[in-house]
Amino acid sequence: MSPQSPAINSSGYNTPDSELESIVPVHPTAVRRPNYITIQSENTAYTDNHITAQYLDRGADVVVSHGQFTVKPTVKSYEFQTARKVGKTGLMMIGMGGNNGSTLCATILANRHQMSWHTKEGIQQPNYIGSVLRASTVRIGTEPSTGKEVHVPISDVLPMVHPNDLVLGGWDISGLSMDKAMERAKVLDYDLQRQVKPHMALIGRPLPSIYYPDFIAANQEARADNVVPGTDKQAHLEHIRADIRRFKTENQLDRAIVFWTANTERYSDIIPSEVSPSTLFAVAAILEGEPFVNGAPQNTFVPGVIALAEREKSFIGGDDLKSGQTKLKSVLAEFLVNAGIKPLSIASYNHLGNNDGHNLSAEPQFKSKEISKSSVVDDMARRAKAAKGEHPDHIVVIKYVPAVGDSKRAIDEYYSEIFCGGRQTINIFNECEDSLLATPLILDLTILTELLTRVKYRGEGQTDFAPLYPVLSLLSYMCKAPLVKPGTDVVNSLGRQRNALESFLKACVGLEGNSDLLLETRIW
């Protein structure tokens, strides 16, 4: 009689039928490293409650007269104060049961319970690859003995909430339970779905959401079985505010980030009677003193919303997640301009088959996305125009092809003028799983937003520290159409956005901003 197979050491409900939990280590992007960096400098001070750092903001004033530029360097002194305690943080998603929302919940649970699963490629472990904060690094200096640069994950520069610790909740016009919503999305491998399903079922159904049929495509009506009744928008506002308060109280939260990851809406007309669901959610969050981030392209932040955020000193950010094609475009356009090449046209085509694509198949919703996608090269085009002439032609096409599901295809052509009338054409084909690129961006935006609520500053002559300006333009790296302080220029260049984020985080701990001068390698 052959010996019995050893019993699988499964924790049952916690990780159903997973024999891999004990043998696969935590992925580097999910590892916890508290208080990883200490700055020893007269510019940086640590207390039990705060990190305080001195910062010199170096710039230049330029006067243009008769074609001549006179440049005067400037220096302004600031002090940053960051609260060290990371409070218990919740993430309330509008569109929680959609592809992005269900994927985010499932992957956080997989990381939290260290579930590994089988794919046709072998064993896959959970991770946070694709998260700028957890999977990319920042240079903090050089090691004196070797002269080698030292890099650390961005999430180690300042105390940040760990994704595994987020308390998950939110709203959806579809009442499907979260385990069923995950199955409907068809994003994750079956073996992972099988293991995480009991945990997703515990989350239950999303809260009823606001549904105004005029703002999203008519093809979404069949999903709208979980809506707040009535047509009174003031009553709807109070309902959402009560949901936020109850979620915070029931989960004993210090902070709740409210995040729009639902369908793209059509653009709103700026008239008193026109209030979209996303604007209503933004107002509710602002009035409750909680940050609101818009992950879709519509004009949620009408002037009145920005004014309300200023009045309430409540944080807002967006717009539209910058994940695949558009992120690459912001790099390629900058490359061409920086190389002295003159872009003549950029033509972008993509098709996808998930519910996002279904909603965008309606013309009013597509127009919102077209505006967002088209604006991503504007600041680079302005720089090119200053030296080389007119703005390039730019066209965007999106088609709904159900067969490809969440696997989006994107094709771009960059047509440019080169030396002495020559032409250059660059064609790029990009295939990506849309929700698996977008989900880490939602995490980054949530984590970074929470951090920025704990950062205060004061300038020369000021005695009290004040919160940052309510429009969080530091979120720009993750957004197609970044929301910025009214009256200031939008920066779309991915390199400049990344540099701004790194420089700000370094400034908060008293380190100099990024410099590739590497002077020690240029001199004796």
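So, a few notes on the structure that sits alongside this text. (Residues numbered from 1 in each chain as written. Predicted model: local features only at pLDDT ≥ 70, side-chain atom pairs only at ≥ 80, totals over all residues. Heavy atoms only, no water.)

## What about the pairing of strand E17 (residues 423-433)?
Line of reasoning, step 1. Of the strand pairs in this sheet, strand E16 (residues 407-417) and E17 are connected by 11 bridges, and their pairing is antiparallel. What sits directly across from Arg409, in E17, is Glu431.
Line of reasoning, step 2. Counting the residues in the hairpin turn of E16 and E17 gives 5 residues, including Cys420, whose phi is positive at 55°. (Pairing = 2+ DSSP bridges. Helix = DSSP H or I, 4+ residues; strand = E, 2+ residues; numbered from the N terminus.)

## Re a nonpolar patch on the surface
Line of reasoning, step 1. On the surface, a nonpolar cluster with roughly 410 Å² of combined accessible area is contributed by Val62, Val64, Phe69 and Val71.
Line of reasoning, step 2. Of all the elements in the fold, those that place two or more residues in the nonpolar patch are strand E2 (50-65) and strand E3 (68-83).
Line of reasoning, step 3. Relative to the helices and strands, Phe69 resides in strand E3.
Line of reasoning, step 4. Assessed through its relative accessible area of 60%, Phe69 is described here as exposed. (Patch = residues over 30% accessible without salt bridge, like charges linked within 9 Å, V, L, I, M, F, W, Y side chains within 5 Å. Areas by Shrake-Rupley, 256 points an atom, 1.4 Å probe, with all protein chains shown as cover. Salt bridge = Lys/Arg side-chain N within 4 Å of Asp/Glu carboxyl O. Buried < 20%, exposed > 50% of the residue type's maximum accessible area, 1.4 Å probe, protein only.)

## Some details on helix H6 (residues 277-287)
Line of reasoning, step 1. Taking burial as the measure, the 11 residues of H6 include 10 buried ones, the bulk of the element.
Line of reasoning, step 2. Along H6, the positions that sit buried rather than exposed are Pro277, Ser278, Thr279, Leu280, Phe281, Ala282, Val283, Ala284, Ala285 and Ile286.
Line of reasoning, step 3. Gly289 sits one or two residues past H6 and shows a positive phi near 75°.

## A word on the layout of surface pockets
Line of reasoning, step 1. Approximately 1,300 Å³ is the volume found for the largest pocket.
Line of reasoning, step 2. For the lining of the largest pocket, the elements supplying multiple residues, two or more each, are E2, E3 and helix H13 (494-507).
Line of reasoning, step 3. Here the element with the most residues in the lining of the largest pocket is H13; it accounts for 8 residues.
Line of reasoning, step 4. A per-class count over the lining of the largest pocket returns 17 nonpolar, 7 polar and 4 charged.
Line of reasoning, step 5. Considering the residues around the second largest pocket, the lining is formed by 23 residues, among which Thr107, Trp117, Asn127, Leu188 and Leu436 are closest to the centre.
Line of reasoning, step 6. Elements with a contribution of two residues or more to the lining of the second largest pocket: helix H1 (99-112), strand E5 (117-119) and helix H12 (434-452).
Line of reasoning, step 7. The element contributing the most residues to the lining of the second largest pocket is H12, with 5 residues.
Line of reasoning, step 8. Split by residue class, the lining of the second largest pocket holds 12 nonpolar, 9 polar and 2 charged. (1 Å grid on protein atoms, 1.4 Å probe; cavity = no way out; pocket = protein on both sides within 12 Å on 5 of 7 lines; lining within 4 Å. Points joined across faces, edges and corners; volume = space filled by probe spheres on them. Nonpolar A, V, L, I, M, F, W, Y, C, P; charged D, E, K, R; others polar.)

## Topic: the pattern of salt bridges
Line of reasoning, step 1. Within this structure, the stated rule accounts for 21 salt bridges.
Line of reasoning, step 2. With a shortest N-O distance of 2.5 Å, Arg266 and Asp214 are connected by a salt bridge. Highlighted residues: Arg266 in the loop between strand E11 (255-260) and H6 and Asp214 in the loop between strand E10 (207-208) and helix H5 (233-250), separated in sequence by 52 residues.
Line of reasoning, step 3. Note on Arg266: relative accessible area 12%, which makes it buried.
Line of reasoning, step 4. Given a relative accessible area of 51%, Asp214 falls into the exposed group.
Line of reasoning, step 5. Residues participating in the shared-partner salt-bridge network are Arg139, Glu149 and Asp516.

## Quick notes on helix H7 (residues 303-312)
Line of reasoning, step 1. Inspection of H7 places Val305, Ile306, Leu308 and Ala309 among the buried residues, and these make up the whole buried set. The buried residues of H7 occupy an angular sector of 160° when projected down its axis, which confines them to one face. Turned more than 90 degrees off the buried face of H7, the exposed positions are Pro303 and Arg311.
Line of reasoning, step 2. Looking at the buried positions of H7, the neighbouring elements they touch are H6 and strand E13 (316-318).
Line of reasoning, step 3. Positive phi appears at Lys313, one or two residues downstream of H7, with a value of about 55°. (Arc of directions from axis to C-beta. Contact = heavy atoms within 4.5 Å.)

## Examining the environment of Gly90
Line of reasoning, step 1. Tracing the sequence through the fold places Gly90 in strand E4 (residues 89-94).
Line of reasoning, step 2. Considered as a pair, Gly90 and Val258 are 168 residues apart in the sequence and their alpha carbons are 8.5 Å apart.
Line of reasoning, step 3. Those residues within four positions of Gly90 in sequence are excluded, and the remaining contacts are Val167, Phe247, Leu253, Arg255, Ala256 and Ile257.

## Side note on the packing of H1 against helix H3 (residues 178-185)
Line of reasoning, step 1. Direction vectors running N to C along H1 and H3 enclose 115°, while the axes themselves pass 9 Å from each other. Of the two possible hands of crossing, H1 and H3 adopt the one that is left-handed. Counted together, Asn99, Gly101, Ser102, Cys105 and Ala106 of H1 and Met178, Ala181, Met182 and Ala185 of H3 form the full contact between these two elements. (Axes fitted to C-alpha atoms, helices over the stretch in contact; angles between N-to-C directions. Left-handed = near helix turned anticlockwise from the far one by under 90°.)

## Points about unusual backbone geometry
Line of reasoning, step 1. The amide bond that connects Gly318 to the next residue, Asp319, takes the cis arrangement and shows omega of 0°.
Line of reasoning, step 2. Counting through the fold element by element, Asp319 comes out in the loop between E13 and helix H8 (325-338).
Line of reasoning, step 3. Even without glycine at this site, His66 takes up a positive phi of about 55°.
Line of reasoning, step 4. Summarising the element assignment, His66 is placed in the loop between E2 and E3.
Line of reasoning, step 5. Positioned with a positive phi, Cys420 is a non-glycine residue whose angle comes to about 55°.

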